[in-house]
Amino acid sequence: MPISSYDDRIPSFPDLIFNTVSVDNLIDIRNVTFAYRNHAVLQDISLSVPRGRVIAIMGGSGCGKTTLLRLIGGQLRPTQGEVSVNGQIVHQLNNHDLYQLRRKMGLLFQFGALFTDLNVFDNVAFQMREHTDLSAEMIHDLVLMKLNAVGLRGAQQLMPNELSGGMARRAALARAIALDPLLMMYDEPFTGLDPISMGVIGKLIRRLNDALGLTSILVTHDIEESLKIVDYVYFISEGRVEAQGTPDEIRISKQAFVHQFVHAEEDGPVPFHYPAPDYASDLGLKA
Amino acid sequence: MKANNFFSRIGRFTLDSITRLGTATRFLSQVLMRSGTSWRRFQLVIREIYSSGVLSLIIIVASGLFVGMVLGLQGYQTLQTYGSAQSLGVLVALSLVRELGPVVAALLFASRAGSAITAEVGLMKTTEQLQAMEMMAVDPIARIVAPRFWGGVISMPLLAAIFSMTGIYGGYLIGVRLLGVDDGTFWSQMQSAVSFREDILNGVIKSAVFGFAVTVIALFEGYDAVPTAEGISRATTRTVVTSSLTILALDFILTAFMFRGA
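Below or above, wherever it landed, is the structure these notes cover. Fair warning: this is a prediction, and the values are worked out from it, not measured in the lab. (Residues numbered from 1 in each chain as written. Chains lettered and ligands numbered in written order. Predicted model: local features only at pLDDT ≥ 70, side-chain atom pairs only at ≥ 80, totals over all residues. Heavy atoms only, no water.)

Here's the deal with the overall build of chain A
Piece 1. Across its full length, chain A holds eleven helices and ten strands.
Piece 2. Its C-alpha atoms give chain A principal-axis dimensions of roughly 80 × 40 × 40 Å.
Piece 3. For chain A, restricting intrachain contacts to residue pairs at least 6 apart in sequence, the fraction spanning at least 24 positions comes to 65%.
Piece 4. The averaged location of the 33 negative side-chain charges in chain A is 3 Å from the averaged location of its 25 positive side-chain charges. (Helix = DSSP H or I, 4+ residues; strand = E, 2+ residues; numbered from the N terminus. Contact = heavy atoms within 4.5 Å. Lys, Arg positive; Asp, Glu negative; His and termini not counted. Charge placed at Lys NZ, Arg CZ, Asp CG, Glu CD.)

Set out below in structure tokens:
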């Protein structure tokens, strides 16, 4: 099914509630600041993710995208502000409640993070065995359904080291949706994939989101692939939301940062040169 | 200036060591508190007994046999000087059951199973498997660490017993079969001189303590490893070195308490 057919189904967004706190938002990030020791990674950032949408968070390497995912997943606590997921303030939850909330989340790690001592089938079955009392037959059928959805039913007996990068990512995706989460988070899902695998993963992200009624957050710096499948984009630079908009708005944006990013220009608001003293002085040509 | 640097380095080393010891103690308490899953789903522990214990059997049996044979040769030479070669069985058995069995088996366990545990857990951390587990609302301490801990603690005394057994057999092969010590005397003297409570039980206690120490060190080093190839390599080395030193130090302390009047 071509991607455009998904775009056709997406309504226009004048009435969407990005950046406003609402019960229709699955995630509300309000004035969040996060620092590792003295290094501020996120600075007073606010954004919202409405239910049922696919949102991309983009930005250069080290801009704080993955940190944002970790704050949503409760792996990190914000220095200031709050992250609310499904109406619950994540950093205020105790361990038990946090784990309950995480059962409603799925996270696709950059390289899949499949359990290397389990085959594909057991990887996907892992959460079902840990969190449910389903019979072995039921788990078998559910796992096959999940694997079929990502096209890997035939690879169920393979070990993770026998999978290609794209297959590993798909197997990890099947594992992440094993318990039908409310929220799917993708950490750099396109990194290191060939164009075919990239297209497959992109389509799967959109298809699963719509078919399962998920809400998805994509952390990526792959402009081409993500603009095809997402509903809304947040650009982050130096820990702040630098720009935001629908894919069409992003494509025609004149904003210097967005323009540089979308058109892969080597110099601009993100400079080519790391800050350095005067070149001539460094070469000893100036007194 | 140099003296200042020297003292500040000592200070930093001391503070780092204390911090690390504190972190390891907290880690151990978490492992103990979250061991419920291991007992409810004992097959997880059995799997670890297989990978830590059963897979270490070859090295334990082979080493035990050689150590026993060396004891047989050396013991025979020394005892014959005093005309007590018939006590060879006692010497071999006591040396193995009290000291060499628990200590050498623990050293082998540290280098075979301990290093494997560290590398495995460290690699799971590096490849984000532990984080993935946390995000799936599964506690990695309860699911990954605790079963390995109990697997190690249970395996170690069994491995030490097998080591002592094969060692005694090695001593028998050399003493009785090769050097001509009387078969009946070898076994009967051993039977009358080796006390179950004083010797065998204390040996078992020692090996359980060593198993506890080695497994905690191996797991902590893996869990705390810097998630890079170099980090895992350092952690694995630290496991073997720290475990070996800890085994020898604990052996001295335990021996001082157990056999002071004997």
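Text resumes after the structure shown.
A closer look at the pairing of strand β10 (residues 240–245) of chain A
Residues and elements named next belong to chain A.
Piece 1. Here strand β9 (residues 232–237) runs beside β10; their pairing, made up of five bridges, is antiparallel. By the bridge assignment, isoleucine 236 is partnered in β10 with valine 241.
Piece 2. What sits between β9 and β10 in their antiparallel hairpin is a turn of two residues, with glutamate 238 showing a positive phi close to 50 degrees. (Pairing = 2+ DSSP bridges.)

Things to note about the interface of chain A and chain B
Piece 1. Contact with chain A, which involves 22 residues of that partner, is made by 16 residues of chain B.
Piece 2. Ranking the residues of chain A by area buried against chain B places Tyr99, Phe109 and Phe115 of chain A at the top, with a combined share of 28%.
Piece 3. For the pair chain A and chain B, the interface holds three salt bridges.
Piece 4. Of the charged contacts, one joins glutamate 130 of chain A and arginine 143 of chain B as a salt bridge, the two residues approaching to 2.6 Å between their closest N and O atoms.
Piece 5. Taken together, the links from chain A to chain B amount to eight residue pairs in polar contact (both at pLDDT 80 or more).
Piece 6. Within the residue set of the side of chain A that touches chain B, elements represented by two or more residues are α3 (95–102), β6 (105–108) and α4 (120–131) of chain A. (Buried area = accessible area lost by both parts, 1.4 Å probe. Salt bridge = Lys/Arg side-chain N within 4 Å of Asp/Glu carboxyl O. Polar contact = N/O pair within 3.5 Å; in protein donor to acceptor, adjacent residues only side chain to side chain.)

Digging into the pattern of salt bridges
A side chain with one charge can pair with a side chain of the opposite charge if their charged atoms come near.
Piece 1. All chains considered together, the criterion is met by 23 salt bridges over all chains.
Piece 2. Salt-bridge contacts for aspartate 231 of chain A lead to arginine 206 of chain A; the nearest nitrogen and oxygen are separated by 2.8 Å. With a gap of 25 residues between them, aspartate 231 of chain A in the loop between α8 (223–229) and β9 and arginine 206 of chain A in helix α7 (residues 195–212) connect regions that are remote in the sequence. Considered together, aspartate 231 of chain A and arginine 206 of chain A belong to a single accessibility category, that of buried residues.
Piece 3. Across the salt bridge formed by aspartate 139 of chain B and arginine 34 of chain B, the nearest N and O atoms sit 2.9 Å from each other. Linking aspartate 139 of chain B in the loop between α6 (129–135) and α7 (140–178) with arginine 34 of chain B in the loop between α1 (2–33) and α2 (36–40), this pair joins segments that are 105 residues apart in sequence.
Piece 4. With relative accessibility at 16%, the residue aspartate 139 of chain B sits in the buried group.
Piece 5. What emerges from the salt-bridge pattern is a single network uniting Arg20, Glu221, Asp224 and Arg238 of chain B. (Buried < 20%, exposed > 50% of the residue type's maximum accessible area, 1.4 Å probe, protein only.)

Focus: the packing of α4 of chain A against helix α5 (residues 136–149) of chain A
All names here are of chain A.
Piece 1. The N-to-C vectors of α4 and α5 enclose an angle of 120 degrees; their axes lie 9 Å apart at closest approach. With respect to α5, the axis of α4 lies oblique. Crossing of α4 against α5: the hand is right-handed. Every residue of α5 that contacts α4 at Val120, Phe121, Val124, Ala125, Met128 and Arg129 is listed here: Ile139, His140, Leu142, Val143, Leu144, Lys146 and Leu147.
Piece 2. Considering only residue class, the contact of α4 with α5 consists of ten nonpolar, one polar and two charged. (Axes fitted to C-alpha atoms, helices over the stretch in contact; angles between N-to-C directions. Parallel < 35°, antiparallel > 145°, perpendicular 65-115°, else oblique. Left-handed = near helix turned anticlockwise from the far one by under 90°. Nonpolar A, V, L, I, M, F, W, Y, C, P; charged D, E, K, R; others polar.)

Topic: the sheet that holds β6 of chain A
Residues and elements named next belong to chain A.
Piece 1. Across the sheet, which stays open at both edges, the six strands sit in the order β6-β7-β8-β3-β9-β10 with mixed pairing between neighbours. The sheet terminates laterally at β6 and β10, the two strands that pair on one side only. Strand after strand, the sheet turns through a mean of 20 degrees between neighbouring axes, direction not considered.

Quick word on the side chain of serine 84 of chain A
Residue and element names in this part refer to chain A.
Piece 1. Relative to the helices and strands, serine 84 is located in strand β4 (residues 80–85).
Piece 2. Assessed through its relative accessible area of 7%, serine 84 is described here as buried.
Piece 3. Setting aside residues up to four positions removed in sequence, serine 84 forms contacts with Leu26, Ile27, Asp28, Arg30 and Ile89.

Some points on α5 of chain A
Residues and elements named next belong to chain A.
Piece 1. An ideal rise of 1.5 Å per residue puts 20 Å on 14 residues; α5 measures up with 20 Å between its terminal C-alpha atoms.
Piece 2. Turning to α5, its buried residues are Ile139, Val143, Leu144, Lys146 and Leu147. Here the buried residues of α5 occupy an arc of 160 degrees about the axis, which is enough to place them on one side. Structural note: α5 exposes Glu137 and Met145 on the side pointing more than 90 degrees away from its buried face.
Piece 3. For α5, the elements touching its buried residues are α4 and α6 (165–176).
Piece 4. Taken from the residues just after α5, glycine 151 is the one with a positive phi, measuring 80 degrees. (Expected span 1.5 Å × (residues − 1). Arc of directions from axis to C-beta.)

Remarks on unusual backbone geometry
Piece 1. Even without a glycine there, the phi angle at asparagine 31 of chain A is positive, about 50 degrees.
Piece 2. You can see asparagine 31 of chain A is positioned in strand β1 (residues 25–36).
Piece 3. For asparagine 31 of chain A, a relative accessible area of 43% puts it in the partly exposed group.
Piece 4. Positive phi values are uncommon outside glycine, yet alanine 137 of chain B reaches one of about 65 degrees.
Piece 5. Take alanine 137 of chain B: it is sitting in the loop between α6 and α7.
Piece 6. A residue is classified by how much of its surface remains accessible, and alanine 137 of chain B, at 6% relative accessible area, is buried.

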